[in-house]
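If you want the building blocks of each chain, they are given just below.
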Amino acid sequence: MAPLPCLLLSKKETVRSSKNFKIPRVADVRQNKSRQEVMAEMDLDLDDIWRERARGGTMKLDFCFNAGHNEPRGFAIFTDLADGSGDHEMLLTVAEYYRRGQGTDPDPIKAIQYYNKAIDAGSVKAMLKLANCYLFGECVKKDPPLAIPYLQRASDAGHAEALFTLGDCYMTGCGVVKNLDTGVRFLQRAADLGWPGAYLNLGCLYLHGHGVPLDTNTAISLFQKAAGTNEPEVVWRAELNLGHLYIIGKGVPEDIAKGLALIQKGVEAGDPKALYLMGSLLSTGSGTERDITKAIELFQRSVDGGYAAAMNSLADAYMSGDGVPKDPAKAVSLAERAVMKGHAPSMCKLAQYYIDGKGVAVDYNKAIPLLKRAVDAGNSDAMFELGTCYCRGTGVPVDMNFTVSLIRSAYEKGNTQAILTYGCSVLMGCARGYNGSEPIMKAAAETSSCEARVLLALCYENGLGVSADISKANSLYQEVIGRGHVVSIFRVASSLEFGAQGLIDLDMAFSLYRRAADAGHRESMQKLALLLQQNLSAFTKATTKTPTASHSSKKKHGR
């Protein structure tokens, strides 16, 4: 057996016993003398010292072992004293040593016996230790339901880790009937006691609205508390979540550089989510130089770790041939693996494969159920796609009421395609003197969508549904450009040019193309040149006139 780590003596230099002898001082031992030599000079007996220290509850087995004595002998002395005194800490120590095989051979049966003795003597720690044995199958056959009573008793005694563990059991249905409300209550109690893992888990729940109301600000606050603890794994996982929020600009100002720095520890630790996030940034060149080869490598490592979102991204790569040889069959296989893990975006993607016949035969009977599953999971892309299916009668009967309902739901979640469709429809309705701009203002306020901000800027710029305010409009445009999302201006322009729900406004489209071009967007520059070559009167007029407060007098054009 490997020697145990040395445990220094008490800070008190001497301890009097009934025999009035002294324990060797740490200073004596460090003066190039072994503990045995010091004790020999002082005519001391190690067993007497050991018993004296053990009776006082101030020393564990390490003193005897590291003094050079026979480990089994020291363990036997300590075990006798633990049994004789009934001290719960000493009994728990014996249980731990039997479990780990320190000072004696591993003995799972005796470990459990001593955990129970410690519990009978009042050890709350032993309750948690024995519960973990049943939860993870250590020393006993794995049996989570048997762990719950011990966790409950420890929780009733206010043990933070037990509260955290019991909360996790209720959240996942491990050993108990799954109950999110009860799980959240236990996690909150653990967080109130300062347990690091409770901050982290509660933060994730609030971030996704799982068992609690969706509240990004509360999630961020909890992640920040977790990041400020002394638990290394909790810290980097909390920083990983904060980094993700900075990357996507959710609840915090978008700051990709800060996000990159925060997720770096997770990447170094090989965390699948961190690998996926870094791969996503490298694949798009967001905040860093684009490196699709490295991105694919990180995606693959994340996939190997079972992370469904990475399977989804790698499926995209194989379907398009970006960074890897094009392989539609492999793309479908990756999407199917992610779907098996319950990943809603992959359900939507696989449904699209079946609708478009990519890598599989066209099969609406498989596509529509996948979209409905994703919609039930709250996926906004699926809401938009299913709404489109009901609009076109793709695999389902045409139902325009259901189409509007689905696309509006996707819009309220900040879905880009829905904002470009529904948002532009609202905008055009304002230009015709009906509807209000409230949906556009709500989307701009409650989502991180840059497209929604562009639409709101158009409202202020042209006095559509709101009082004209060029200053507010310019501020919104600059916010979008400052966040590096000039492409959002281009997308709204394209939607207005080619029609949202059949409505077209070439003047506003041209104005947006020009703004994006002035910000250096190459596609917008090319679009401007093409439109000017076509010599359309609306566009040539738009190059010389400034926006007015009333848009209702502008001539509308169709293609």
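Residues numbered from 1 in each chain as written. Predicted model: local features only at pLDDT ≥ 70, side-chain atom pairs only at ≥ 80, totals over all residues. Heavy atoms only, no water.

A short note on the overall build of the protein chain
The number of helices and strands found in the protein chain is 31 helices and zero strands. Burial status across the protein chain gives 49% buried among its 559 residues. Look at the contacts in the protein chain between residues 6 or more apart in sequence, and 48% of them connect residues 24 or more apart. Surface exposure of the protein chain reaches about 26,600 Å², of which carbon and sulfur atoms provide 50%. (Helix = DSSP H or I, 4+ residues; strand = E, 2+ residues; numbered from the N terminus. Buried < 20%, exposed > 50% of the residue type's maximum accessible area, 1.4 Å probe, protein only. Contact = heavy atoms within 4.5 Å. Areas by Shrake-Rupley, 256 points an atom, 1.4 Å probe, with all protein chains shown as cover.)

Describing the environment of Glu385
With respect to the element layout, Glu385 can be found in helix α22 (residues 380–392). Distance in space between the C-alpha atoms of Glu385 and Lys372 is 10.0 Å, their sequence separation being 13 residues. The contact partners of Glu385, leaving out residues within four places of it in the chain, are Cys348, Gln352, Leu371 and Gln417.

Re the pattern of salt bridges
Oppositely charged side chains may form a pair once their charged atoms are brought near each other. Applying the stated criterion across every chain, the model contains 13 salt bridges. Across the pair Arg237 and Glu233 runs a salt bridge whose closest N-O atoms are separated by 3.1 Å. One end of the pair, Arg237, and the other, Glu233, are both in helix α14 (residues 232–248), four residues apart, so they sit about a helical turn from each other. Overall, the relative accessible area of 28% leaves Arg237 in the partly exposed class. As a salt-bridge pair, Asp271 and Arg237 come within 2.9 Å of each other at their nearest N and O atoms. With a gap of 34 residues between them, Asp271 in the loop between α15 (256–268) and α16 (272–284) and Arg237 in helix α14 connect regions that are remote in the sequence. (Salt bridge = Lys/Arg side-chain N within 4 Å of Asp/Glu carboxyl O.)

Some remarks on the environment of Gly173
One can find Gly173 in the loop between α10 (160–172) and α11 (180–192). The sequence separation of Gly173 and Gly183 amounts to ten residues, and the corresponding C-alpha distance is 9.4 Å.

Some details on the packing of aromatic side chains
On inspection of all chains with the given rule, the structure shows seven aromatic pairs. Ring pairing ties together the aromatic residues Tyr276, Phe299 and Tyr307, which thus form one cluster. Sitting above the plane of the Tyr97 ring, Arg100 keeps its charged end 5.5 Å from the centroid. Positioned above the aromatic ring of Tyr114 is the side chain of Lys117, whose terminal nitrogen or guanidinium carbon lies 4.3 Å from the ring centre. (Phe/Tyr/Trp six-rings, centres within 6.5 Å; stacked < 30°, edge-to-face > 60°. Lys NZ or Arg CZ within 6 Å of the ring centre and 35° of its normal.)

Examining the environment of Thr388
Mapped onto the fold, Thr388 is located in helix α22. Judged by its relative accessible area of 14%, Thr388 is buried. Measuring from C-alpha to C-alpha, the distance between Thr388 and Thr403 comes to 6.6 Å, with 15 residues separating the pair along the chain.

A short note on helix α19 (residues 328–340)
If you check α19, its first and last C-alpha atoms are 18 Å apart, about what 13 residues at 1.5 Å a residue would give, namely 18 Å. When α19 is considered as a whole, its buried residues turn out to be Ala331, Val332, Leu334, Ala335, Ala338 and Val339. Projected down its long axis, α19 shows its buried positions confined to an angular sector of 160 degrees, all on one face. What points out from α19, more than 90 degrees from its buried face, is the exposed set Ala329 and Met340. On its buried side, α19 packs onto α17 (292–304), α18 (308–320), α20 (344–356) and α21 (364–376). (Expected span 1.5 Å × (residues − 1). Arc of directions from axis to C-beta.)

A look at the side chain of His521
Tracing the backbone through its elements, the reader meets His521 in the loop between α29 (506–518) and α30 (522–533). Leave out the neighbours within four places in its chain, and His521 touches Val486, Val487, Phe490 and Ala516.

Structural notes on the confidence of the model for the protein chain
The pLDDT averaged across the protein chain works out to 80; a share of 77% of its residues lies at or above 70. A low-confidence stretch, residues 1–35 (pLDDT under 50), is modelled with 63 contacts involving residues beyond four sequence positions or located in other chains. The model gives residues 56–70 a pLDDT under 50, and that stretch makes 46 contacts with residues more than four places away or in other chains. (pLDDT = per-residue confidence, 0-100.)

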